Amino acid sequence: MRRAEPETRGEILAAATRLFAATGYRGTSLQDIATTVGCSKATVLYHFANKEALLTELMAPAIALLQALDDRLVGLTGGAAQRVAAEGFVDLAVRFRREIGLLRGEFPELLQQPAFAHIQRISERLLDAMAGTSDRPAARIAALVLLAGICEGCAEFVDMPDDELRPALLALARRALEPVPDPIHD
């Protein structure tokens, strides 16, 4: 039997999470979400202005922590920037690996949406920090590959316990990143 209203916004968010994981953000329509919840598309639109607003709410906790990491990186350079960036990003990716998995392969398109435009700027600063603020191509390539690999690893090993995944990713980061001296110790 079809219900007229979902009990909470949470039902809509939970259904969107499951559908985004199964068919991707692009492959999921608001009607798909409404059908899964057992309500009308108008009911979904009552709670969320559009699909982007729904995704924005789903991603809000992860985005808030990414912003906090970006704030911690302000003024850091060299090895200090690398350490904070690597540890902070691994912690964030491990904690939000299910959300990362939901958007696998869709990040470039999503970053074009107005609600996520600031994420591109934060990502660029994170890349710079992970490279130890070096402009050397090898350092920047390693940082880029590492950032992408951390996301992919977290999405792939979504059921691995945090206390196994986090140390493995941090060890990888230490091996992959070119050590950069801290300017105050030179």
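Before reading further, recall that the structure is shown in the block above.
In this text, all values refer to a predicted model and were calculated from it rather than measured experimentally.

How each quantity is defined
- Residues numbered from 1 in each chain as written.
- Predicted model: local features only at pLDDT ≥ 70, side-chain atom pairs only at ≥ 80, totals over all residues.
- Heavy atoms only, no water.
- 1 Å grid on protein atoms, 1.4 Å probe; cavity = no way out; pocket = protein on both sides within 12 Å on 5 of 7 lines; lining within 4 Å.
- Points joined across faces, edges and corners; volume = space filled by probe spheres on them.
- Helix = DSSP H or I, 4+ residues; strand = E, 2+ residues; numbered from the N terminus.
- Nonpolar A, V, L, I, M, F, W, Y, C, P; charged D, E, K, R; others polar.
- Salt bridge = Lys/Arg side-chain N within 4 Å of Asp/Glu carboxyl O.
- Buried < 20%, exposed > 50% of the residue type's maximum accessible area, 1.4 Å probe, protein only.
- Axes fitted to C-alpha atoms, helices over the stretch in contact; angles between N-to-C directions.
- Left-handed = near helix turned anticlockwise from the far one by under 90°.
- Contact = heavy atoms within 4.5 Å.

Re the layout of surface pockets
Then, number 1: In this model, the largest pocket occupies a volume close to 810 Å³.
Then, number 2: Taken together, 29 residues line the largest pocket, and the ones lying closest to its centre are F89, F107, I119, S123 and C151.
Then, number 3: Secondary-structure elements contributing two or more residues to the lining of the largest pocket are α4 (51-73), α5 (78-95), α7 (107-110), α8 (117-130) and α9 (137-156).
Then, number 4: Split by residue class, the lining of the largest pocket holds 23 nonpolar, three polar and three charged.
Then, number 5: One number sums up the size of the second largest pocket: a volume of about 200 Å³.
Then, number 6: What lines the second largest pocket is a set of 12 residues, among which Q82, R83, A86, R174 and L177 lie closest to the centre.
Then, number 7: Considering each element in turn, the lining of the second largest pocket owes the most residues, five residues, to α5.
Then, number 8: Partitioned by chemical class, the residues of the lining of the second largest pocket number six nonpolar, two polar and four charged.

Quick word on the pattern of salt bridges
Then, number 1: Taken as a whole and judged by the stated rule, the model has six salt bridges.
Then, number 2: Put simply, E57 and R9 hold a salt bridge, and the shortest N to O gap is 2.3 Å. Taken together, the positions of E57 in helix α4 and R9 in helix α1 (residues 9-23) put the pair 48 residues apart, joining distant regions of the chain.
Then, number 3: The partly exposed category is assigned to E57, whose relative accessible area is 32%.
Then, number 4: The class for R9 is partly exposed, based on a relative accessible area of 32%.
Then, number 5: The residue R97 makes a salt bridge to D162 at a minimum N-O spacing of 2.0 Å.

Topic: the packing of α5 against helix α10 (residues 162-176)
Then, number 1: Packing of α5 against α10 brings their axes to within 10 Å, and their N-to-C directions diverge by 145 degrees. In terms of crossing hand, the pair formed by α5 and α10 is right-handed. Between α5 and α10, the contacting residues are A86, E87, V90, D91 and V94 on the first element and D162, L165, R166, L169, L170 and A173 on the second.
Then, number 2: Of the residues in the contact of α5 with α10, the class split is seven nonpolar, no polar and four charged.

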